[in-house]
Amino acid sequence: MLKRKGQVVGSIVPGSTVRLTPGQLNAYTAAFEAISPEFDELRQMQRQVDKLPHTILEQPSSSPDTVATIAAEGIEWQSQAQLLTLPKSAVLLCRHPTENEFAIIQRFPADSAYAKANGQGEILLKGADAGHLVGEYAGWAQHTLRFMASNLVSKAQCVAFEQFPEHNPGRVMRAISERCLLAVGESLTVMEPVRQTTRHARGIGV
Amino acid sequence: MASSPPVMNEERQQNQPSTGDTMASTSVQLTVSEAAYTIGVDSFTILGLIQRGKLKPARSPSGEIMVPKGELIRLIEKGR
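Keep in mind the model is a prediction, meaning the values are calculated, not measured. (Residues numbered from 1 in each chain as written. Chains lettered and ligands numbered in written order. Predicted model: local features only at pLDDT ≥ 70, side-chain atom pairs only at ≥ 80, totals over all residues.)

Student: What am I meant to see in helix α3 (residues 69-79) of chain B here?
Tutor: Residues and elements named next belong to chain B. Listed as buried for α3 are K69, E71, L72 and L75. Angular distribution of buried residues about the axis of α3 spans 160 degrees; they occupy a single face of the element. Turned more than 90 degrees away from the buried face of α3, the exposed residues are E77 and K78. Buried positions along α3 lie against β1 (29-31), α1 (32-39) and β3 (65-68). (Buried ≥ 20, exposed ≤ 12 C-beta atoms within 10 Å, placed from the backbone. Helix = DSSP H or I, 4+ residues; strand = E, 2+ residues; numbered from the N terminus. Arc of directions from axis to C-beta. Contact = placed C-beta atoms within 7 Å.)

Student: I tried to follow the pairing of strand β7 (residues 90-95) of chain A on my own but got confused; where do I start?
Tutor: Each regular strand shows side chains that alternate between the opposite faces of the sheet. All names here are of chain A. Taken together, the six bridges between strand β6 (residues 75-85) and β7 define a ladder with antiparallel strand orientation. In the strand pairing of β7, A81 is matched with L93. Taking the residues that link successive antiparallel strands as the turn, the β6-β7 hairpin has four residues. Here β7 pairs with strand β8 (residues 102-107) via six bridges, running antiparallel. Following the sheet pairing, A90 is matched in β8 by R107. (Pairing = 2+ DSSP bridges.)

Student: What is the right way to look at the sheet that holds β1(B) in this model?
Tutor: Strands pair in a sheet through their backbones, by hydrogen bonds, and they do so in one of two ways: parallel or antiparallel. All names here are of chain B. One open sheet holds the three strands; their spatial order is β1-β3-β2, and the pairing between them is antiparallel. The open sheet has two edge strands with one neighbour each: β1 and β2 (58-59). Strand direction decides the pairing type here: β2 and β3, joined by two bridges, are antiparallel. The residue bridging A58 from the neighbouring strand is M66, located in β3. Sheet strands touched by α3: β1 and β3. Its angle to β3, the strand with the most contacts, is close to 60 degrees. (Axes fitted to C-alpha atoms, helices over the stretch in contact; angles between N-to-C directions.)

Student: I tried to follow the packing of helix α3 (residues 130-163) of chain A against helix α4 (residues 169-183) of chain A on my own but got confused; where do I start?
Tutor: Geometry of a packed helix pair, given as the angle between the helix axes and the separation of the axes. Residues and elements named next belong to chain A. α4 packs onto α3 with a crossing angle of 160 degrees between their chain directions and a minimal axis gap of 9 Å. Here α3 is positioned roughly antiparallel relative to α4, judged by the angle of their axes. At the point where α3 passes α4, the crossing takes the right-handed sense. Where α3 approaches α4, its residues A149, L152, V153, A156, Q157, A160 and F161 are matched on the opposing element by P169, V172, M173, I176, S177, C180, L181 and A183. For the contact of α3 with α4, a count of residues per class yields 13 nonpolar, two polar and no charged. (Parallel < 35°, antiparallel > 145°, perpendicular 65-115°, else oblique. Left-handed = near helix turned anticlockwise from the far one by under 90°. Nonpolar A, V, L, I, M, F, W, Y, C, P; charged D, E, K, R; others polar.)

Below, the structure written as structure tokens:
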């Protein structure tokens, strides 16, 4: 059985290859709990973003008499497909009522302070090619998810380092980083530090 | 997903000196989820606003993104 400083080194947490001691596992659990609701939101968002490239194909355009409209920048845009469902808003692919133009519009609930100030519909992207627009938005959304994952790591780090400084918080954070990055489709490749061996060359230098 | 209001930490103050803002509360910094709750959006939207340059963030000592309350007020007032 592998042991480090007298403790069994064996626990592997989901989404990580790092082995944690029982003390480190406690630190991991506490740090991860601090980000757990947002981590669930992140995973749920990632699942939707993964499906984005297919969304436009799966959702046929609504017939003109059933189409929903969204006002943004003084235009009544026609909703074509719902791209993302967020906890407090939705992102939709919309079409200009008269011109060959598409827009990615985020729709907020009317009672939110943001909507009261900026309107219920906010245009994120505009273009003539709906497929290209959705692809561009998918890249943008993926970037936001990476940003979200990195922010969760920083949040968890605060708990690990402040509350468990004696349990190798760096190792704990490596496990959390791996899990968060994996959730947004990335892997963290951390090279183990190469042990430098000192060669005492005698005579001819090597 | 139902979300409960995050607990605001009124003690967190912005590191930068005030830029003439007379509202004491504007120097308070909020986490991303607190900021989202305050203006009725989600965390994803707050991070998107930061990426698009509509919100200027700060950082906590651990590197966590913080949103100065004054920035939120500016964002809402600018839209009106």
